[in-house]
Amino acid sequence: MSMTVQCSLSRKVLGGVLCRRKAICRAYSTESILNKDVVIVGGGPVGLALASALSSNKLVRESVKVALVEAGDLSKLRDWSLPFDTYSNRVSSITNTSRNFLEDIGAWGYVDTSRTSPVREMQVWDGISDARMTFDAAELPSAGGVAESSEMARLTENLNLQRALLRHLANAEGIQLLQKVRVDSIQREDKEGGNGWPLVHLSDGTTIRARLLVGADGFNSPVRSYAGISSYGWSYDTQAVVATLNHPPRGAFQRPNHTAYQRFLPTGPIAFLPLSPTVSSLVWSTKPRLAAALCKSDPEVLVNMINAAFRLPEVSIRYLHERILEADSADNIISHELIRDEIAFREKSHNISKYSAYASVTSAVSGGIPPNDAESIPPLVTSVQPGTIASFPLRNNHAESYLGEGPGSRTVLVGDAAHTIHPLAGQGLNLGLGDAECLARCSYTALRPYARERYFANHKMMSAVDKLHKIYSSTLEPVVWARSMGLEVLNELDSVKAALMMDAGGGRYGGSRWEVLGRGVEVFASGLSAARALGQSIGRMQKN
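Residues numbered from 1 in each chain as written. Predicted model: local features only at pLDDT ≥ 70, side-chain atom pairs only at ≥ 80, totals over all residues. Heavy atoms only, no water.

Enquirer: Lay out unusual backbone geometry with the relevant residues and their values.
Expert: Even without a glycine there, the phi angle at Asp130 is positive, about 70°. One can find Asp130 in the loop between strand 5 (121-126) and strand 6 (132-136). A residue is classified by how much of its surface remains accessible, and Asp130, at 47% relative accessible area, is partly exposed. A positive phi angle, close to 60°, is found at Lys180, a residue other than glycine. (Helix = DSSP H or I, 4+ residues; strand = E, 2+ residues; numbered from the N terminus. Buried < 20%, exposed > 50% of the residue type's maximum accessible area, 1.4 Å probe, protein only.)

Enquirer: Which residues make up the layout of surface pockets, and what values do they have?
Expert: Of the volumes computed, that of the second largest pocket is approximately 600 Å³. Secondary-structure elements contributing two or more residues to the lining of the second largest pocket are helix 9 (299-309) and helix 11 (336-349). The leading source of residues in the lining of the second largest pocket is helix 9, at four residues. Taken together, the residues of the lining of the second largest pocket break down into 15 nonpolar, twelve polar and four charged. (1 Å grid on protein atoms, 1.4 Å probe; cavity = no way out; pocket = protein on both sides within 12 Å on 5 of 7 lines; lining within 4 Å. Points joined across faces, edges and corners; volume = space filled by probe spheres on them. Nonpolar A, V, L, I, M, F, W, Y, C, P; charged D, E, K, R; others polar.)

Enquirer: Lay out the sheet that holds strand 4 (residues 117-119) in plain terms, naming residues and giving numbers.
Expert: Read from one edge to the other, the open sheet built from three strands follows the order 3-7-4, with strand pairing classed as antiparallel. Every other strand in the sheet has two partners, leaving strand 3 (91-95) and strand 4 as the edge strands with one partner each. Between one strand axis and the next, the sheet turns by 35° as a mean value, whatever way the strands run. Contacting strand 3 and strand 7 (153-157), helix 6 (residues 158-170) crosses the sheet at an angle of about 85° to strand 7. (Pairing = 2+ DSSP bridges. Axes fitted to C-alpha atoms, helices over the stretch in contact; angles between N-to-C directions. Contact = heavy atoms within 4.5 Å.)

Enquirer: Can you tell me about the pattern of salt bridges, naming the residues and giving the values?
Expert: With the rule as written, the count across this model stands at 23 salt bridges. Between Asp37 and Arg211 there is a salt bridge, with its nearest N and O atoms 3.0 Å apart. With Asp37 in strand 1 (residues 33-41) and Arg211 in strand 11 (residues 207-215), the pair connects residues that are 174 residues apart, well separated along the chain. Looking at Asp37, the relative accessible area reads 11%, which means it is buried. Glu62 is the partner of Lys58 in a salt bridge, and the nearest nitrogen-oxygen pair spans 2.7 Å. Of this pair, Lys58 and Glu62 both sit in helix 3 (residues 58-63), four residues apart, roughly one helical turn. Glu62 sits in the exposed class, given a relative accessible area of 57%. The network of salt bridges with common partners includes Arg99, Glu103, Glu151 and Arg154. (Salt bridge = Lys/Arg side-chain N within 4 Å of Asp/Glu carboxyl O.)

Here's what the structure looks like:
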């Protein structure tokens, strides 16, 4: 090829590149460009908590420009309101650690505490063996004779917390909220040396040039995609059914409705979380087909199934599930009367007294002195609040890194953008709030301490919860025996229970308690793994 031809091709290639660059420049020349030190993408509880934490720091407030981008209408959240006896269906357990953080940044004062409920006791039991562990906040160790808290956690609607954070930000300086705009794309600034800032292009034509880009934008995080951070994990073969439940108040001879109940069934745990004397929240993890059938069934059918799920032996619950699935396969909706009759027959077959708290359909308990077993299970559900029945998939997912590198540098992940966890321990939002607290505490120009601290803490909890899910999904007799024996032994060890309660409720910003729980469950799970292997071996021997 001659020199003339080479020069001609070079000019054509160079010309094409220059034309493309000019086109890009023209495309964004009409946009408004904002320069920000920190840009938070995502206006959920974690993103808002991080913005609130930054605004509470005087040095940051005076020297750092912060913007938060949210596709939804935050003004609707700020003005959100429901009647006093009506609750939304997405509820979170706020640990004492998370609450201390929210108090320190000045946001907790905006929470409507009349719509929150303390958790003073937890009852957790095996759905097959009925082995039980009870946690009571009164048993928490005290410092200098004075207990740190009389509750292990506090339950609140997510919308109540988001509204509080928005109202806190409305009275703060230095935070710009950009709402009702979505992120169209994120590009790296073309700059010599490869140190260009992320350019966030919004749907209203605005471009934000970010010194640090924070992804608080959920599981399908555009920020994580831009940073090129891969994640690993899996979807569970379960769906969570949530609803808001009405029930009568506890009697004069019973404790207030401050107890959280959770029964581990082979299909997944079912949890009853108190919100008020007469309202509680349901989180029921079960198989996807059953979840779909329950959601589209008559609400009275769901009410009866919830009551039965906390009371009947597992074999009868399994039979009821089969009846619902059979009707669903035939495109029929099972009737409320049929389910009631079946539950009544099952209660009589299991010799459940009509004067026992374990009777639901056949119950003859009506006020006065409650049965001896009344506080072992939740109160009988009478109805589901309209419009609160919903379902969503469950997954375990963890980003390989919380920090972007190379072309994706100047990015950091928090909350669900970094990790998603099974809800059985109620720790999803607390892990995200821990991220926000740590990132705000670390200098935003030195991020590695944040990544080191939070990745390990989150991984330990995610591993512990995943192991619990798998352990309680097994119906093999050796596994059931081993986990039941372990649960009953732990229930008698007050010091171990106190450590677990301190983890469930949290203390100040220490990470050691998370490690204690994770390590304890891992040791326990290793023993159960051996039992599982033994059970599988016995099963194969029996088949042969």
